[in-house]
Amino acid sequence: MAQNRAHKTHHFLYLGLLFLAGLSMAFSACEKTPIVLPKAVPGDSLSQGMLIGSEGNFQWGNASLSFLDKQSGTLYEDVYKTVNQKPLGDVLQSMCSWQDKIYLVLNNSGKIEIINKHSFKSEGSIVGLRAPRYMLPISAQTAYVSDLYDNHLSIVNLSTLQVSGKIACPGWTEEMLSFGEKVFVCNKYQAYLYVIDTKTQSLSDSIFIGYGAISLALDKNNKLWVLTTGNANGNNKVEPQLHCLLPSQNSIEKTIGLGMGNLPLKLQINAGKDKLYWLVQDVWSMDINDIAKPATKLIPSNGRTFYGLGYDAYQKQIWVSDAKDYVQKSELLIYNEDGTYIKSLRAGINTSSFLIK
Amino acid sequence: MKKKQHIHCAYGIVLLALLWANSLCAASLVQTDTSKVLPAFKVLGLRYPSFFAGSKFQVLDSTILLHFQQQSLAQVLGSQSQVFIKSYGPAALATASFRGGNANHTPVLWNGFALQSPLNGQTDLALIPSFLLENIALQYGSPAVLFGSGAMGGSIHLQTQNKLLEGHHVKLMAGIGSFGTYTLGAKVQLQFGKWKSNFGLYRQQGLNDFRFHKANMLQPGEIQIEPEVSRASHANFKQQAYLQELEGKLGKYQELGLRLWWQTSERNLPEFSMASLANAQQQDQQLRLMADYKFKKGKYELQSRTGLFKDDIKYTDILNGLSQTKGIQLTQFIDQFWHGKKFEWLLSGMAQRLNGEGNMFQNGNQYNFNQSQQRQAIFGSIKYQEFNGKLQQQLSVRSEWVDGKVIPLMPSFGLQLFIHKSLTLLGNAATSYRLPTFNDLYWPQMGNPLLKPEQGISFEVSLKNNLTLFKKLGLNQTLTVYHKEISNWILWVPIGGTLSKPFNVHEVLSKGVEWQWQFNLPIGKSKFLLGGLLDLTQARPIGSTLQGDSSLNKQLIFTPRIKQQIQAGFSRGAFNALYTWNYVGNRFTSSDNQNWLAPYQLHSLAASYGFKVKRHLFTIQASLQNLFNQTYQIMVNRPMPLRNFQLTLQYQL
């Protein structure tokens with residue numbers, strides 16, 4: 001009998017210890033997550049600096065806008081969300097500044113968010129777009145929006161924030177540049193650069209550029225530079241190229257081949273508007289008077305994954321983003337015009353656009 | 001007296017192990033499962049696992065599957081196992097993750113043949129109807145010696161035939177569920193002398209306009225849930241599957257099996273974050289043909305198995321038009337066993353030809369690729385038993401060639417020690433590898449033919465404890481600790497614009513603790529069950545080829561550190577009820593661990609009642625999922641449904 005009782009006691013003891021062990025295991029499993037300090041809001045905002053646009057991840061709705069204050073050197077992360085208490089949206093493709101507003105083009109949200117240039121407060125949005133890529137204001141009332149899927153440019157009324165019309169432009173339209181009464185439009189999957197007449201709001205011309213115009217810049221001589229991706233596939237292979245155009249005549253002045261198989265991106269021009277920069281895994285640069293592609297890279301990537309390229313015209317600095325593995329904060333590397341490294345900082349995920357404020 | 005000392009000693013070991021494990025797991029995972037943990041040799045019908053000493057198994061048998069007649073393998077495993085299921089929503093893509101591995105590290109096997117597509121190396125578990133399955137066995141760890149490329153986290157073995165069932169049997173099932181889901185199924189087994197035929201048919205269709213709250217759940221920050229209920233659109237699907245197995249005995253020593261599994265599905269793919277609808281659709285079709293032959297005489301056994309698997313996926317959206325991928329695997333295994341009293345050995349050879357074909361649009365261009373790969377492998381294993389089988393040791397080794405290039409020799413060692421009738425020690429040390437998929441190697445513009453295989457080494461120890469307390473209260477528990485390192489981990493990284501490319505980037509260290517426990521208490525005609533699973537997982541890159549990689553020493557994305565389940569069951573006569581609580585901890589969404597999705601917990605209730613009318617058995621089964629209407633997301637911006645139900649009527653003869 002006593003033995004039986006002892007037996008029972010042991011069983012209770014065992015169950016009790018088991019319970020305690022399990023309980024302590026469950027408690028020890030309490031999860032830690034990073035401590036997130038409240039994000040600072042940029043106080044005034046007359047301050048100058050760099051707006052940093054990060055795409056985030058496709059369909060995750062984690063696009064973000066950060067701001068580096070030039071004066072204080074403070075980086076304000078995710079300012080849109082901090083100020084407006086709501087997420088920005090899905091895939092921040094590009095930004096543009098017009099009057100006292102900044103327009104944030106959210107490709108996969110199909111909209112353009114408008115914020116006040118000084119307070120970063122939301123001032124509405126332009127909806128009804130398909131998959132917008134870039135926005136180009138051409139007057140106080142009107143802007144054009146290029147689109148990935150829409151086969152049209154959208155004409156947006158900046159007062160009513162409504163799409164007021166469309167200009168047919170089949171294919172994936174990209175960067176645009178305004179020159180007098182013309183707007184030049186890149187088209188990623190076409191052999192032409194398109195010209196829009198802003199008076200008639202219609203297509204007026206097209207210029208053969210090889211294949212895949214994606215990026216534009218205007219130099220100090222009012223010449224238009226067009227970067228193309230070329231086409232490395234299919235039977236009609238086309239080399240990626242950099243063209244110099246006379247925009248008034250819609251004609252090409254010179255063409256520089258960038259080497260078959262390369263994929264150039266993100267054409268930028270310096271403050272003096274006489275030096276071009278672009279990405280082909282590394283950062284490349286050439287003078288506008290050069291007649292051949294550069295022999296050496298300006299900033300070698302050295303195993304980094306360069307994703308975005310920008311230029312700070314105030315400080316004459318080159319900004320490059322390293323997207324790492326796509327799912328962590330980008331590292332932003334800042335260089336002098338001659339390619340010497342200055343510093344780096346971290347901003348949002350997949351940073352791809354920069355805008356001076 | 002001496003016997004009792006042994007028992008106390010066994011208790012002590014288990015408790016010490018628990019406390020030790022506890023001290024280890026500052027950031028590990030807990031998970032519970034009510035399924036049984038059976039010795040490997042009881043896993044009926046599975047091939048190599050029954051031969052593999054030192055591996056931890058978990059079997060989800062027909063009593064569990066009864067509650068999931070209308071659901072997919074993904075839903076069964078998500079609710080009932082320690083596997084984390086990455087689900088993109090109801091009827092949408094769902095893949096499995098074991099011990100911090102990803103879908104490519106988790107082979108799904110049917111009679112020993114891996115079902116993964118050679119193109120993406122994954123199996124969509126949402127497309128496997130659990131109605132056709134008799135058993136699901138989960139093998140933890142890295143048994144790569146036997147299963148080849150990819151078995152790095154664990155493997156999922158599917159059994160479609162009940163080997164013990166004799167005679168003629170018919171099972172018909174009809175079900176309805178929330179969101180316009182209708183399911184029909186039939187299984188017929190016929191036996192004529194030495195020949196058995198197993199036939200299965202399954203059809204499901206659903207409007208799938210499931211209810212959810214739009215929510216921003218990405219952390220840090222306040223979770224914002226819109227109060228009004230939304231309905232999913234463009235998510236409807238239909239799926240059908242056909243299974244036919246024929247098995248027979250040819251004389252005294254020989255057996256022949258012929259098997260066919262064909263299934264097709266059509267799904268509209270919903271979008272929840274896009275304003276611009278792409279109207280994407282996906283059609284999947286799989287054909288699996290298999291022939292197996294067995295000769296067994298005395299201690300010698302010879303098996304020959306041939307499999308031809310075809311995977312066809314068509315994807316369409318308004319931007320790109322039609323993209324199509326086709327994968328074909330033709331595989332031949334020859335296995336020879338020698339079942340001695342003390343020694344058992346296995347010597348096997350494999351020859352495989354894989355073919356992958358893709359026709360797709362990308363960046364405005366049409367691309368085609370058509371690649372093939374030849375693989376040959378030889379593998380062998382010796383199992384040694386001592387002390388009447390109380391000590392089993394097994395040494396195995398595999399050598400493989402891919403297109404003539406040799407993969408480094410893969411050894412493994414397993415150990416099983418019956419310390420006491422209530423206590424068993426299992427352990428193994430194993431090497432493993434994963435070959436890059438066809439997409440990794442050949443994807444237009446982005447594939448990297450220079451990729452090296454991922455290589456892994458793992459160690460694990462399990463203590464199994466089965467005993468009866470207070471004469472009636474049965475307790476089964478298994479505590480496992482593992483450590484795994486994978487080098488040359490393949491990661492896709494940006495190479496400019498919209499392009500990315502896979503590289504061998506990381507070295508990843510995973511370690512964790514798993515605890516399964518289950519109490520069973522019969523009182524009169526009633527049976528009570530209380531069980532749980534606790535998983536603590538830490539999986540972190542410890543080396544990287546990326547410059548300034550902030551993911552170093554951070555938890556891998558979409559890998560919960562904690563997973564826990566508690567389950568209570570009751571049965572009396574033909575009535576059976578099961579309540580399940582699942583908890584899944586934070587899943588980081590950024591590799592620097594700065595963003596994450598909040599934990600979620602789900603409650604579900606299932607009950608069934610069977611009644612006989614003469615020889616006819618009818619079973620009514622009902623289940624309620626997400627009882628408390630929790631808004632949650634497993635993957636970012638992929639809403640999961642609010643409370644939903646299934647009602648099933650089953651007829652058996």
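Refer to the preceding data block for the structure.
Note that the structure is predicted; figures quoted are calculated from it, not measured.

### A short note on the overall build of chain A
The number of helices and strands found in chain A is 2 helices and 27 strands. Residues classed as buried in chain A amount to 57% of the 357 residues present. In chain A, once contacts between residues fewer than 6 apart in sequence are set aside, the share between residues at least 24 apart is 42%. Surface exposure of chain A reaches about 14400 Å², of which carbon and sulfur atoms provide 52%. In chain A, 33 positive and 30 negative side-chain charges are present, and the distance between their average locations comes to 7 Å.

### Digging into the sheet that holds strand β8 (residues 132-137) of chain A
Residue and element names in this part refer to chain A. Strands sit in the order β8-β9-β10-β11 across an open sheet of 4 strands; the sheet is antiparallel. If you trace the sheet from one side to the other, it starts and ends with β8 and β11 (162-168), each paired once. The average angle at which neighbouring strand axes cross in this sheet is 25°, direction not considered. Pairing of β8 with strand β9 (residues 142-147) involves 4 bridges; the strand directions are antiparallel. Paired with P137 across the strands is A143, a residue of β9.

### A look at the pattern of salt bridges
Scanning all chains against the criterion turns up 30 salt bridges over all chains. Notably, a salt bridge pairs D322(A) with R304(A), separated by 3.1 Å at the nearest N-O pair. Note that D322(A) is positioned in strand β24 (residues 317-322) and R304(A) in the loop between β22 (282-287) and β23 (306-312), a separation of 18 residues in sequence. The same class applies to D322(A) as to R304(A), namely buried. Between R434(B) and E454(B) there is a salt bridge, with its nearest N and O atoms 3.2 Å apart. Note that R434(B) is positioned in strand β23 (residues 423-434) and E454(B) in strand β24 (residues 454-469), a separation of 20 residues in sequence. Each member of the pair R434(B) and E454(B) is classed as buried. Connected through salt bridges with shared partners, the residues R304(A), D322(A), K324(A) and E331(A) form a single ionic network.

### Section: the side chain of S154(A)
With respect to the element layout, S154(A) can be found in strand β10 (residues 152-157). With residues near it in sequence (within four places) discarded, S154(A) still touches L129(A), A143(A), Y144(A), V145(A), V163(A), G165(A) and K166(A).

### Some details on the nonpolar core
With 48 residues, the main nonpolar core has L77(B), I136(B), I156(B), L158(B) and W261(B) as its most contacted residues. Ranked by the residues each element gives to this core, the list is headed by helix α3 (residues 73-80) of chain B, at 4 residues. With 17 residues, the next largest nonpolar core counts Y76(A), L92(A), L106(A) and I115(A) among its residues.

### A few points about the environment of F208(A)
Residues and elements named next belong to chain A. Considering the arrangement of structural elements, one finds F208 in strand β15 (residues 202-208). Spatially, the C-alpha atoms of F208 and Q85 are 47 Å apart, while their sequence positions differ by 123 residues. Setting aside residues no more than four positions away along its own chain, F208 makes contact with A191, Y192 and I252.

### Some points on α3(B)
In terms of burial, α3(B) is largely enclosed, as 6 of its 8 residues are buried. Those residues of α3(B) not exposed but buried are L73(B), A74(B), V76(B), L77(B), S79(B) and Q80(B).

### A closer look at the side chain of T183(B)
All names here are of chain B. Tracing the backbone through its elements, the reader meets T183 in strand β9 (residues 181-192). Residue class for T183 comes out buried when judged on its relative accessible area of 2%. For T183, the side chain forms a polar contact with the side chain of Q70, separated by 3.0 Å. At a separation of 2.9 Å, a polar atom in the side chain of T183 contacts the side chain of Q204. Those residues within four positions of T183 in sequence are excluded, and the remaining contacts are Q70, M173, A174, G175, Y202, R203 and Q204.

### As for the sheet that holds strand β12 (residues 173-179) of chain A
Residue and element names in this part refer to chain A. With antiparallel pairing, 4 strands are arranged side by side in an open sheet as β12-β13-β14-β15. Since the sheet does not close on itself, it has two edges, and those belong to β12 and β15, each with one partner. Between one strand axis and the next, the sheet turns through 25° on average, direction left out of account. Pairing analysis gives 6 bridges linking strand β14 (residues 192-197) to β15, with the strands arranged antiparallel. If you follow I196 over to β15, its bridge partner there is L203.

### Let's talk about empty space enclosed by the protein
All names here are of chain B. Taken as a whole and assessed by the stated rule, the structure comprises 8 cavities of 30 Å³ or more. By volume, the largest cavity amounts to about 900 Å³. Along the wall of the largest cavity there are 48 residues; nearest its centre are Q71, Q75, P90, M640 and P641. Listing elements by their share of the lining of the largest cavity, those giving two or more residues are α3, β2 (84-87), β10 (195-206), β14 (237-250), β15 (254-268), β29 (575-584), β32 (600-613) and β34 (644-652). Partitioning the lining of the largest cavity into residue classes produces 23 nonpolar, 23 polar and 2 charged. Within this model, the second largest cavity holds a volume of roughly 440 Å³.

### Thoughts on the environment of M135(A)
Residues and elements named next belong to chain A. Here M135 lies in strand β8. We classify M135 as buried; its relative accessible area is 7%. Counting along the chain gives 78 residues from M135 to N57, while the straight-line C-alpha distance between them is 21 Å. Beyond its immediate stretch of four places on either side in the chain, M135 contacts S94, C96, Y103, V105, I112, I126, A143, Y144, V145, L158 and M176.

### Some words on the pairing of β10(A)
All names here are of chain A. Sheet topology places β9 next to β10; 4 bridges connect them, and they run antiparallel. Looking across to β10, one finds that V145 is bridged to S154. In sequence, β9 turns back onto β10 through a hairpin of 4 residues, with N151 there showing a positive phi of about 60°. Counted along the chain from β10 to the antiparallel partner β11, the turn is 4 residues long, and its residue L161 has a positive phi close to 60°.

What counts, and where the lines are drawn
- Residues numbered from 1 in each chain as written.
- Chains lettered and ligands numbered in written order.
- Predicted model: local features only at pLDDT ≥ 70, side-chain atom pairs only at ≥ 80, totals over all residues.
- Heavy atoms only, no water.
- Helix = DSSP H or I, 4+ residues; strand = E, 2+ residues; numbered from the N terminus.
- Buried < 20%, exposed > 50% of the residue type's maximum accessible area, 1.4 Å probe, protein only.
- Contact = heavy atoms within 4.5 Å.
- Areas by Shrake-Rupley, 256 points an atom, 1.4 Å probe, with all protein chains shown as cover.
- Lys, Arg positive; Asp, Glu negative; His and termini not counted.
- Charge placed at Lys NZ, Arg CZ, Asp CG, Glu CD.
- Pairing = 2+ DSSP bridges.
- Axes fitted to C-alpha atoms, helices over the stretch in contact; angles between N-to-C directions.
- Salt bridge = Lys/Arg side-chain N within 4 Å of Asp/Glu carboxyl O.
- Core = buried A, V, L, I, M, F, W, Y, C linked by side-chain atoms within 4.5 Å.
- Polar contact = N/O pair within 3.5 Å; in protein donor to acceptor, adjacent residues only side chain to side chain.
- 1 Å grid on protein atoms, 1.4 Å probe; cavity = no way out; pocket = protein on both sides within 12 Å on 5 of 7 lines; lining within 4 Å.
- Points joined across faces, edges and corners; volume = space filled by probe spheres on them.
- Nonpolar A, V, L, I, M, F, W, Y, C, P; charged D, E, K, R; others polar.

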